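Close look at the chain arrangement
Take a look at the letters that make up each chain.
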Amino acid sequence: MNSRFYLRLAKTNISKNRNIYTPYHIAATLIVMLFYCLISVTTMVAKSDSSTMAFMLGLCTVICGIMSLVILFYINCFVMRRRKHEFGLYSILGMEKRHIARVMMWEVMLTGLFCIVAGIVCGAVFSQFFFLLLMYIVKLPTRLSFTIPLGGVGVTFLLFAAGFALVLLYDVLSLRRTDPIALMRSGKEGEREPKARWLVALIGLVTLGAGYTLALTVKTGSEALMAFFPAVLLVIAGTYSLFIAGSIALLKLLRKNKNFYYRPKNFISVSGMIYRMKQNAVGLANICILSTCVLVTLSSTVCLFIGEEDILRSMYPRDVAASCVANTPADGDKLREAAEDHAKAYGLSLENPTGFYRIFCPGVRSGDSFEVQTYFDNSTYQVYLTTLEDYNRNTGSAQTLGKDEVLAAVYGEPLQGTTLSIAGHNYRIAQEVDLPAFVGAADKMKALVVVLPSFEALQTQLGEMNANLSDDDARVLFYHYQYDTAGGKAVSADYYDTMYSDFAAKVPTLSRVQDVNGARNEFYQLYGTLLFVGIFFVALFLICAVLIIYYKQITEGFDDHDRFRIMKNVGLSDAEVRSTISKQVLLVFFLPLLTAVLHISVAFPVLLKLLMAFNMANTPLFLGCTAGSVLCFSALYLVVYRLTSRTYYRIVQA
């Protein structure tokens, strides 16, 4: 047999299996297109001198490439599973495995070449649109210019050519490990009744409960960072275990209940569901996990993007934030005078000024004792120290303190007694107060704010903190000054551009000068890129989830075709059979969605605390984004189910 025969046979196979290969081609083309668009946008962004955006997009490109290959393998497994009976028939008709392998080679080559070329062409068409979309999201000006980065074309072609080659290698090796009789019987393997694996079901219940408990018991953002990934792994393990073993165990318990089971509707539904869950458990768990990923990614990135102005204002409560090293109170006076003089030079004035002295350091806690540490990790507290005068002025209070008395505010584990120790210096807590946002503890990770009686007490404490530290690690006392400028958006750009040089000329210990307008551009780039990256990952998750749903509908259709005839032969009407099967299919396919909604509902508190790492503390906004994501995804899920159901019913009624 010459190669043309194998090529014609491969074309015929693809054509006759259109209901399997068409979704495969569409999905693979979309995956190639998304990857090419991403690498093309990354190349164009790199030329625009935006290092932050280019780094984030480059990292996303690597992750996207890995995920794309994984999805490609996963789709191929579904296709080959439906083709096993056909390959077994070829073997019985006299074709050797090497001949079948050649047919498979041509099928993969034709599929791969079509999908890669179509994906790159579509990517070239849409990549400029995605680049303009990114520039619009981050609010950066750009011009429409059609470009095709040849490097991106080469990387995309090589990556997916290698991916399809690995797919072919996997298929050929799988073929070599099977025999024709096993291939012919592969379509009937799911007819044996599954066993109830109680231990696996119990493990699933325990791991899911442990993941939920971990997510619900975190109290701070730092704890959320530590607990999130272990909780995710536990929930994933629990989801797979409960779908694979827990569902069958539950159905078998229902079957043991004679009063419930031996009724016509319950008898058919329960017995049919037992077989469905055996064949579909892993796929349903995958849909559930992917759906949860979509909901988490979409709700989080949209929330960060919508709330970026709130985040910006939480970090920059005033238009300008300046700071200097304060060796004496006079340094703070110099900074205030420099700000006033600079504003007067431009005919402006300062509004809503606020200033305060502050020491900031990481602290290791033991009871109510805090020792200075040279670096931050997930166990350390953010320790802030300020003066009573600054506290009263910025909060409108009228507190008084004696020697070695302090006001204290803590976020994390509550203080246990009435005394507090910092770097070996003991203080009596005169009163516990709320966290004052002006010192910088608004992120609400693990934080301790201590208000000392005077500037001199602050200097004394600084010396005690630095006694055992090297010069490089020594803590510094800063004076921070923040204010708005009268004129708002009408203030000229030159006013901000000359600010640092003017301040530095008058304040020798100047540390930094920042304005909210300059920070706003960086924020838009950061959170806009996060949203853009989130869109790509959501698209990948959706492609994979939709394909699993579609192929499961096909699998259900072929299985239910024979059941449909059997139930009609035993006396059930068409309406009763259709109603029974529809209920089973609805329950099977909407169970992952309901479980995904449960997952994100339980994960809401830990996700909210994770967002605090991005200074997002707007709970109503995140709740609205989560609810909106659930509603939009549920509507899309229903549309996908309805569309794929048409293929299912055509197969069943054939």
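Residues numbered from 1 in each chain as written. Predicted model: local features only at pLDDT ≥ 70, side-chain atom pairs only at ≥ 80, totals over all residues. Heavy atoms only, no water.

Observations regarding the overall build of the chain
Quick note on the threshold: Only runs of H or I of at least four residues qualify as helices and only runs of E of at least two qualify as strands under DSSP, and these elements are numbered from the N terminus. To sort residues, take the accessible area from a 1.4 Å probe on protein chains only and compare it with the maximum for the residue type: under 20% means buried, over 50% means exposed, and anything in between is partly exposed. Contact between two residues is taken to exist if any of their heavy atoms lie within 4.5 Å; hydrogens are not considered. For the accessible areas, the method is Shrake-Rupley and the probe is 1.4 Å, while residue cover comes only from the protein chains on display.
Per the secondary structure count, the chain includes 19 helices and ten strands. Out of the 654 residues belonging to the chain, those deemed buried represent 51%. The contacts of the chain with a sequence gap of at least 6 include a subset with a gap of at least 24, amounting to 81%. For the chain, the accessible area works out to roughly 30,900 Å², and carbon and sulfur atoms hold 63% of it.

Quick word on unusual backbone geometry
With phi around 50°, Asn352 is a residue other than glycine that occupies positive phi space. Assignment of secondary structure puts Asn352 in strand 2 (residues 350–366). For Asp404, which is not glycine, the phi dihedral falls at a positive 60°. Looking at Asp404, the relative accessible area reads 32%, which means it is partly exposed.

Description of the pattern of salt bridges
Quick reminder of the rule: One side-chain nitrogen of Lys or Arg within 4 Å of one carboxyl oxygen of Asp or Glu is enough to make a salt bridge.
What the rule picks out here adds up to seven salt bridges. Asp333 is the salt-bridge partner of Arg336, the closest N and O atoms lying 2.0 Å from each other. Here Asp333 and Arg336 lie together in helix 12 (residues 329–345), a separation of three residues that amounts to about one turn. Taking the relative accessible area as the measure of exposure, Asp333 reaches 32% and is therefore partly exposed. The partner of Glu405 in a salt bridge is Arg428, with the nearest N and O atoms 1.9 Å apart. Linking Glu405 in strand 5 (residues 405–411) with Arg428 in strand 7 (residues 425–432), this pair joins segments that are 23 residues apart in sequence. One continuous salt-bridge network, built from bridges that share partners, spans Glu389, Asp390 and Arg393.

Describing the environment of Leu110
Checked against the element boundaries, Leu110 lands in helix 4 (residues 97–137). By relative accessible area, Leu110 is classed as partly exposed at 28%. The spatial distance from the C-alpha of Leu110 to the C-alpha of Leu7 is 9.1 Å, given a sequence separation of 103 residues. The residues touching Leu110, leaving out its near neighbours within four places in the chain, are Leu7, Ala10, Lys11 and Ile14.

Notes on the nonpolar core
For soluble globular proteins, nonpolar side chains are generally found buried alongside one another. To be explicit about the condition: Remark: nonpolar core denotes a set of buried residues (Ala, Val, Leu, Ile, Met, Phe, Trp, Tyr, Cys) joined through side-chain atoms within 4.5 Å.
Among the nonpolar cores identified, the biggest contains 114 residues, and Tyr24, Val41, Val45, Leu134 and Tyr551 are the most heavily contacted of them. Among the elements that make up this core, the one with the highest residue count is helix 17 (residues 516–569) (21 residues). Leu348, Val406, Ile422 and Val491 belong to the second largest nonpolar core, which has 47 residues in total.

Details of a nonpolar patch on the surface
We apply this condition: Residues forming no salt bridge and having over 30% relative accessible area are the ones grouped into patches, like charges within 9 Å of each other and nonpolar side chains (Val, Leu, Ile, Met, Phe, Trp, Tyr) within 5 Å.
Judged by side-chain polarity, Leu113, Val117, Val121, Val125, Phe126, Phe129, Phe157 and Leu158 come together as a nonpolar surface patch covering roughly 780 Å² of accessible area. For the nonpolar patch, the elements supplying multiple residues, two or more each, are helix 4 and helix 5 (150–176). With six residues, helix 4 is the single largest residue contributor to the nonpolar patch. Secondary-structure assignment places Phe126 in helix 4. Using a relative accessible area of 40% as the deciding quantity, one classes Phe126 as partly exposed.

As for the side chain of Thr626
Relative to the helices and strands, Thr626 is located in helix 19 (residues 619–652). Thr626 gets classed as buried once you look at its relative accessible area, which sits at 8%. Thr626 has contacts with Ser299, Ile600 and Phe604, leaving out every residue within four places of it along the chain.

Here we look at the packing of helix 4 against helix 5
Using the following cut-off: Angles shown run from 0 to 180 degrees and are taken between the N-to-C directions of axes, each axis being a line fitted to C-alpha atoms and, for helices, limited to the stretch in contact. With respect to orientation, any angle under 35 degrees is reported as roughly parallel, any angle over 145 as roughly antiparallel, any angle of 65 to 115 as roughly perpendicular, and every other angle as oblique. Helix crossings are classified by the rotation of the near helix relative to the far one: an anticlockwise turn of less than a right angle makes the crossing left-handed, while a clockwise turn makes it right-handed. All amino acids are sorted into three groups, where Ala, Val, Leu, Ile, Met, Phe, Trp, Tyr, Cys and Pro are nonpolar, Asp, Glu, Lys and Arg are charged, and the leftover types, Gly among them, are polar.
Direction vectors running N to C along helix 4 and helix 5 enclose 160°, while the axes themselves pass 10 Å from each other. Our classification of the angle between helix 4 and helix 5 gives roughly antiparallel. By crossing handedness, the relation of helix 4 to helix 5 is classed as right-handed. Counted together, Lys97, Ile100, Ala101, Met104, Met105, Val108, Thr111, Gly112, Cys115, Ile116 and Ile120 of helix 4 and Val153, Thr156, Phe157, Phe160, Ala161, Phe164, Leu168, Asp171, Val172, Leu175 and Arg176 of helix 5 form the full contact between these two elements. Across the contact of helix 4 with helix 5, the residue classes tally to 16 nonpolar, three polar and three charged.

Structural notes on the packing of aromatic side chains
As a reminder, the rule being used: A pair of Phe, Tyr and Trp rings is counted when the ring centres sit within 6.5 Å of each other, with Trp represented by its six-membered ring. The angle between the planes then sorts it: under 30 degrees is stacked, over 60 is edge-to-face, the rest tilted.
This structure, assessed with the given rule, holds 20 aromatic pairs. Arranged with centres 5.3 Å apart and planes meeting at 50°, the rings of Phe130 and Phe536 form a pair that is tilted. Of this pair, Phe130 sits in helix 4 while Phe536 is found in helix 17, placing the two residues 406 residues apart along the sequence. Exposure remark for Phe130: the relative accessible area of 13% places this residue in the buried category. For Phe536, a relative accessible area of 2% gives the class buried. One aromatic cluster in this structure is built from Tyr357, Phe455, Tyr479, Tyr481 and Tyr483.

What to know about the packing of helix 2 (residues 18–46) against helix 4
Across the interface, helix 2 lies against helix 4 with an axial gap of 5 Å and an inter-helix angle of 40°. Taken together, the axes of helix 2 and helix 4 are oblique relative to one another. Crossing angle aside, the handedness with which helix 2 passes helix 4 is right-handed. Taken together, the residues that form the contact of helix 2 with helix 4 break down as 22 nonpolar, eight polar and one charged.

Considerations on the pairing of strand 7
As a reminder of what qualifies: In this analysis, strands are considered paired if DSSP registers two or more bridges between them.
Bridge count for strand 5 against strand 7 is four bridges, and the pairing is parallel. When the sheet's bridge partners are listed, Val406 is paired in strand 7 with Ile429. As consecutive antiparallel partners, strand 6 (residues 419–422) and strand 7 are separated by two residues, and within that stretch Ala423 has a phi angle of approximately 50°, a positive value.

A short note on helix 7 (residues 198–217)
The condition that has to hold: In a helix, the anticipated span is given by 1.5 Å times the number of residues less one. Working note: the arc is built from the helix axis to C-beta atom directions.
The end-to-end C-alpha distance of helix 7 is 28 Å, a good match for the 28 Å that 20 residues give at a rise of 1.5 Å each. Those residues of helix 7 that sit buried are Ala201, Gly204, Thr207, Leu208, Gly211, Tyr212 and Ala215. Buried residues of helix 7 fall within an arc of 135° about the axis and therefore sit on the same side. Opposite the buried face of helix 7, at more than 90 degrees from it, the exposed residues are Leu199 and Leu205.

Here's the deal with helix 4
For clarity, the cut-off: To get the bend at any residue, fit one axis to the seven residues that end at it and another to the seven that begin at it, then take the angle between the two axes.
Of all the bends in helix 4, the greatest, near 40°, is centred on Phe126. Two residues or fewer after helix 4 comes Lys139, characterised by a positive phi angle close to 60°.

As for the state of the cysteines
Let me state the cut-off plainly: Throughout, a disulfide means two cysteine sulfur atoms within 2.5 Å of one another.
Counted under the stated rule, the structure contains zero disulfides. Here Cys625 is not cross-linked by a disulfide; its sulfur's nearest cysteine counterpart is in Cys303, at 4.6 Å. The class for Cys625 is buried, based on a relative accessible area of 9%.

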